[in-house]
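These are the residues of each chain, in order.
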Amino acid sequence: MQNIDWNGLGFKYMDTHCHVRYVWRDGKWSDAEFVGEPRMKMHIAASCLHYGQEAFEGLKAFRCRDGKVRVFRPEANAERMFNTARRACMAQVPVDMFVDAVKKAVKANEDYVPPYGTGGSMYIRPLLIGTGPQIGVAPADEYTFLVMVMPVGAYYKGGLKPVRALVVDDWDRAAPQGMGDVKVGGNYAASLFAHETAKHAGYPVELYLDAKTHTFVEEFATSNFIGITKDGAYVTPDSRSVLPSVTNRTLKQIAADLGMKVETRPVPFDEIETFAEVAACGTAVVVTPVCEITRGDRVIRIGDPDGCGPVLQKLYDTVQGIQYGLLPDTHGWCVEV
Ligand SMILES: *Cc1c(COP(=O)(O)O)cnc(C)c1O
């Protein structure tokens, strides 16, 4: 075990023993290499630096009650990165290789996985970049795939805390037929300015509407949108420019397992005020309850400003229960390392 203040961990970068790295050249991937040095030497004309050939993923490993370490749904992230790579004309990482790389990186840094009971986990960040030199606009002829890991703390110590959200009407995150549905760094570059603006105005999260008409809900900058109706249905927007969140997929399955109605469909902005509960969902936090959504002069209040609503709390507890091995993993989501 590392000498780390496990209860004081936040969500920030930390060096560990090593990352796992692969290089694609001449149509094939190299074997895994364990690299201790976190800085990499790169060609100054690498396509990731000039033309944004960059894809990433985010997932977690948990130390379960039985002491074993398990990764949550790595195949789902592998498939998503496979799709992202195709969209950005990058060499694709086979699903098996991705899952194996994730297991290798976690295993090699197992003493950095927070102990059971601290609420912490190991954040896993796979990265795929074009590293071949490219000055004319074209896909690179060399790619680097690496998996780094680091321990992170429980986001909310002492219960889920609702936040206020701001609707972004001055900028869009993703064009209707753009790259919103794949996980590329460029989407984040496109959203940082709005994020900083919202943060300075006192809103921790921003909500995007469809870029074409600004009448339908899409997603928060880094997490999907979930609404729970007054009669207990789970509603999430259906849009080509929403990033397919693994957490959202998981919550939908759990909601269905609990007998809830699950609706993936266009969600008009005006429907928000009818929801009993609203949340943002993603790997880092699982569920962030949203108690207020501001758009210009209009303020929509949803649920209890001091705590999480009962339906979202139940969904959250169920996911965490499966992740930490307290509830049966009936869908085979947890992969032992
Ligand atoms: C990564 C991401 C999410 C969350 O996806 P998870 O797989 O649940 O972590 C949601 N929206 C955007 C834009 C993202 O980049």
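A. Layout of helix α5 (residues 246-257). Its twelve residues give α5 an end-to-end C-alpha distance of 16 Å, which sits within 8% of 16 Å, the value for a rise of 1.5 Å per residue. When α5 is considered as a whole, its buried residues turn out to be Val246, Thr247, Asn248, Thr250, Leu251, Ile254 and Ala255. N-cap assignment for α5: the residue whose side-chain oxygen lies 3.2 Å from the backbone N of Thr247 is Ser245. Of the residues trailing α5, Gly259 is marked for its positive phi of about 85 degrees.

B. Quick peek at a nonpolar patch on the surface. Among the surface-exposed residues, Tyr116, Leu326 and Leu327 lie close enough to one another that they form a single nonpolar patch of about 240 Å² accessible area. In this fold, Leu327 is placed in the loop between α6 (310-323) and β18 (334-336). On the basis of relative accessible area, Leu327 is assigned to the partly exposed category, the value being 37%.

C. The site of the ligand, seen in detail. Around the ligand sit 15 residues, and of these Lys183, Tyr188, Ser245, Thr247 and Thr283 come closest. Within the side chain of Arg80, a nitrogen or oxygen atom sits 2.8 Å from an oxygen atom of the ligand. A distance of 2.6 Å separates an oxygen atom of the ligand from a polar atom in the side chain of Thr283. Protein contacts shield 96% of the accessible area of the ligand, which totals 390 Å² for the unbound molecule. The residue inventory of the shell around the ligand, partitioned by class, reads four nonpolar, seven polar and four charged.

D. Molecular detail of the packing of aromatic side chains. Under the counting rule described, the total for this entry stands at twelve aromatic pairs. An angle of 20 degrees between the planes, with centres 5.8 Å apart, marks the rings of Phe220 and Phe225 as stacked. Each member of the pair Phe220 and Phe225 is classed as buried. Judged by centre distance (6.1 Å) and plane angle (50 degrees), the rings of Phe225 and Phe275 are tilted.

E. Structural context of the environment of Pro115. As for its placement among the helices and strands, Pro115 is situated in the loop between α3 (95-108) and β7 (121-130). Classification of Pro115 by relative accessible area gives partly exposed; the value is 22%. Sequence separation of Pro115 and Asn7 is 108 residues, and the distance between their C-alpha atoms is 9.8 Å.

F. Examining the pattern of salt bridges more closely. Scanning the entire structure with this criterion turns up 17 salt bridges. Ionic pairing is found between Lys261 and Glu263, a salt bridge with its closest N-O pair at 3.0 Å. On the basis of relative accessible area, Glu263 is assigned to the buried category, the value being 18%. Between Asp270 and Arg298 there is a salt bridge, with its nearest N and O atoms 3.1 Å apart. One end of the pair, Asp270, is in the loop between β14 (262-265) and β15 (275-282); the other, Arg298, is in strand β17 (residues 298-301), with 28 residues separating them in the sequence.

G. Main features of the domain arrangement of the chain. For the chain, the domain assignment lists domain 1 (6-152) and domain 2 (163-323). If you look at the interface, domain 1 gives 20 residues, while domain 2 gives 19 residues. Taken as a group, Phe56, Arg80 and Arg87 account for 36% of the area that domain 1 buries against domain 2, more than any other trio of residues on that side. For the interface between domain 1 and domain 2, the tally reads zero salt bridges. Connecting domain 1 to domain 2 are seven residue pairs in polar contact (both at pLDDT 80 or more). When residues of the side of domain 1 that touches domain 2 are traced back to their parent elements, those giving at least two are β4 (54-56), β5 (59-63) and α2 (74-87).

H. Representation of the nonpolar core. Within the largest apolar cluster, 36 residues are counted, with the highest numbers of intra-cluster contacts made by Trp29, Val106, Ile124, Leu128 and Phe145. When residues of this core are assigned to their parent elements, the largest contribution, seven residues, is made by α3. Apart from residues no more than four positions distant in its own chain, Phe145 is found in contact with Val20, Arg21, Tyr22, Trp29, Met81, Val93, Met97, Phe98, Ala101, Pro126, Leu127 and Leu128. Listed in part, the 23 residues of the second largest apolar core include Phe62, Ile226, Val287 and Leu315.

Parameters and conventions
- Residues numbered from 1 in each chain as written.
- Predicted model: local features only at pLDDT ≥ 70, side-chain atom pairs only at ≥ 80, totals over all residues.
- Heavy atoms only, no water.
- Helix = DSSP H or I, 4+ residues; strand = E, 2+ residues; numbered from the N terminus.
- Expected span 1.5 Å × (residues − 1).
- Buried < 20%, exposed > 50% of the residue type's maximum accessible area, 1.4 Å probe, protein only.
- Polar contact = N/O pair within 3.5 Å; in protein donor to acceptor, adjacent residues only side chain to side chain.
- Patch = residues over 30% accessible without salt bridge, like charges linked within 9 Å, V, L, I, M, F, W, Y side chains within 5 Å.
- Areas by Shrake-Rupley, 256 points an atom, 1.4 Å probe, with all protein chains shown as cover.
- Salt bridge = Lys/Arg side-chain N within 4 Å of Asp/Glu carboxyl O.
- Near = heavy atom within 4 Å.
- Nonpolar A, V, L, I, M, F, W, Y, C, P; charged D, E, K, R; others polar.
- Phe/Tyr/Trp six-rings, centres within 6.5 Å; stacked < 30°, edge-to-face > 60°.
- Domains from an automatic or database assignment.
- Contact = heavy atoms within 4.5 Å.
- Buried area = accessible area lost by both parts, 1.4 Å probe.
- Core = buried A, V, L, I, M, F, W, Y, C linked by side-chain atoms within 4.5 Å.

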